[in-house]
Amino acid sequence: MIVKVGVLQFFSWPGRHGPLQDVYSRALERIEIMDRGGFDAVWLAEHHFTTFSVCPSVHMLGTLAAARTRRLRIGTAVSLAALYHPLRLAEEVALLDMLSGGRVNWGAGRGFAPSEFNAFGVPMAESAERFREAVDIVLQAWTRERLSFQGAHFKFENIEVMPKPLQRPHPPVWMAATSEPAIDWAASRGFSILMDPHASTTELGDKRRRYAERLAAAGFSDAGRDIPMARLIALAPTAAEAEAVARRGAQWLVDAYAGPQHQKGLQQTRSYGGKEPVQHYVDDVILHGTPASMVEQIARLEEEIGLNYLMCAPLSQQTFHLLADQVLPRL
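Notes on the structure follow. Computed from a predicted structure; not experimentally measured.

## As for the side chain of Asp 97
Here's step 1: By the element assignment, Asp 97 lies in helix H3 (residues 86-99).
Here's step 2: Among buried Asp, Glu, Lys and Arg side chains, Asp 97 stands out as unpaired, with Arg 73 the closest opposite charge at 5.5 Å.
Here's step 3: At a separation of 2.9 Å, a polar atom in the side chain of Asp 97 contacts the main-chain amide nitrogen of Leu 166.
Here's step 4: With residues near it in sequence (within four places) discarded, Asp 97 still touches Gly 102, Arg 103, Val 104, Pro 165, Leu 166, Gln 167 and Pro 171.

## Details of unusual backbone geometry
Here's step 1: Put simply, Ala 77 and Val 78 share a cis peptide bond, and its omega is 10 degrees.
Here's step 2: Inspection of the secondary structure assignment puts Val 78 in the loop between strand E3 (73-76) and strand E4 (79-80).
Here's step 3: The linkage connecting Met 162 with the following residue, Pro 163, adopts the cis geometry, with an omega of -5 degrees.
Here's step 4: With respect to the helices and strands, the residue Pro 163 is situated in the loop between strand E7 (155-159) and strand E8 (173-176).
Here's step 5: With phi around 65 degrees, Phe 49 is a residue other than glycine that occupies positive phi space.
Here's step 6: Relative to the elements of secondary structure, Phe 49 occurs in the loop between strand E2 (41-44) and helix H2 (58-67).

## Quick word on the environment of His 198
Here's step 1: Mapped onto the secondary structure, His 198 falls in the loop between strand E9 (192-194) and helix H7 (201-217).
Here's step 2: The class of His 198 is buried, set by a relative accessible area of 7%.
Here's step 3: Placed 132 residues apart in sequence, His 198 and Arg 330 show a C-alpha to C-alpha distance of 26 Å.
Here's step 4: One polar contact links His 198 to Tyr 281, side chain to side chain, over a distance of 3.0 Å.

## Quick notes on helix H11 (residues 291-305)
Here's step 1: Between the first and last C-alpha of H11 there are 21 Å, a value that for 15 residues agrees with the 21 Å anticipated at 1.5 Å per step.
Here's step 2: Among the residues making up H11, those that are buried are Pro 291, Met 294, Val 295, Gln 297, Ile 298, Leu 301 and Ile 305. Each buried residue of H11 lies within a common arc of 165 degrees when the element is viewed along its axis, so the set occupies one face. For H11, the exposed residues set more than 90 degrees away from the buried face come down to Glu 296, Glu 303 and Glu 304.
Here's step 3: Tucked inside the fold, the buried residues of H11 contact H7, strand E10 (228-235), strand E11 (287-289), strand E12 (309-314) and helix H12 (317-327).
Here's step 4: Backbone geometry just after H11 places Gly 306 at a positive phi near 75 degrees.

## Side note on the pairing of E12
Looking along a regular strand, one sees side chains alternate from face to face of the sheet.
Here's step 1: With 6 of its 6 residues buried, E12 lies for the most part within the structure.
Here's step 2: Burial along E12 is two-sided: the residues Tyr 309, Met 311 and Ala 313 and Leu 310, Cys 312 and Pro 314 are all buried.
Here's step 3: Here 4 bridges tie strand E1 (residues 4-9) to E12, and the two strands are oriented parallel to one another. Following the sheet pairing, Lys 4 is matched in E12 by Tyr 309.
Here's step 4: In this sheet, E12 lies alongside E10 in parallel orientation, the contact comprising 6 bridges. Among the inter-strand pairings, Pro 228 is bridged to a residue of E12, identified as Tyr 309.

Definitions and limits used
Residues numbered from 1 in each chain as written. Predicted model: local features only at pLDDT ≥ 70, side-chain atom pairs only at ≥ 80, totals over all residues. Heavy atoms only, no water. Helix = DSSP H or I, 4+ residues; strand = E, 2+ residues; numbered from the N terminus. Buried < 20%, exposed > 50% of the residue type's maximum accessible area, 1.4 Å probe, protein only. Lys, Arg positive; Asp, Glu negative; His and termini not counted. Salt bridge = Lys/Arg side-chain N within 4 Å of Asp/Glu carboxyl O. Polar contact = N/O pair within 3.5 Å; in protein donor to acceptor, adjacent residues only side chain to side chain. Contact = heavy atoms within 4.5 Å. Expected span 1.5 Å × (residues − 1). Arc of directions from axis to C-beta. Pairing = 2+ DSSP bridges.

What follows is the structure in structure tokens.
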């Protein structure tokens, strides 16, 4: 198999058990293990106002991760671009790229949680347009000596944005694309995409094919592109134990991330296929099993839906260590 593996790193604080600083310490220890192993990148997940993942600044956390590593790439999954002032966003990501020695993978997304948009005073109805303007501004800020821009939400005249990224012309870029309109827009612009952890495996395959078709129609090719597909992962010595980890993880996800404050946003883009949500995640979304069976599952995904980059979100500490020690070396 020729599959790259990265880790989608959440900073969950379930039940607020233990000091929050321990959440960050454990994650940084894990990131150091990724750096020593064969992982391609850590992808840091930005969330606000939820214990599902207490990481409001992937750029600040990314700086610390870069300081603790040497070769691991530092990805954002994602910078919630619609919630940022785009000039500030361009500066922060460029600074992270400079400080990390040119190791940034920039993933940008619009977001979907009404609680985040309401708290930051950004109308949800404007989110797609703000996101797209922000992406345009960031890329121009990185590649032009001085920037002038006039859009529906942002206007600048002759601004010099510093620093520029160390990687030229800029860090590799991915757009989070969950909905069909988002996939179509990213493909029309020739952007690579990040595929989300909530879609079923069948949905992932359908979206991947749609992306390839729309990309070709716009005059671009998907040859040689890394298309990270995020998957929740549960590993254990036995299949039964792994399924139990998957079920606990699914329940935590539904309670914390698909709870009242996020449910409206999720319902706009998610279907549970007529199943109870937790069972849907266990049956159709989460990859779970023994290390040996996981290698087989990844091989099937490579063959059936064109998986070439697995972005793993481990649902337990044991899962991460089995992934690093027994799965990754066999890919």
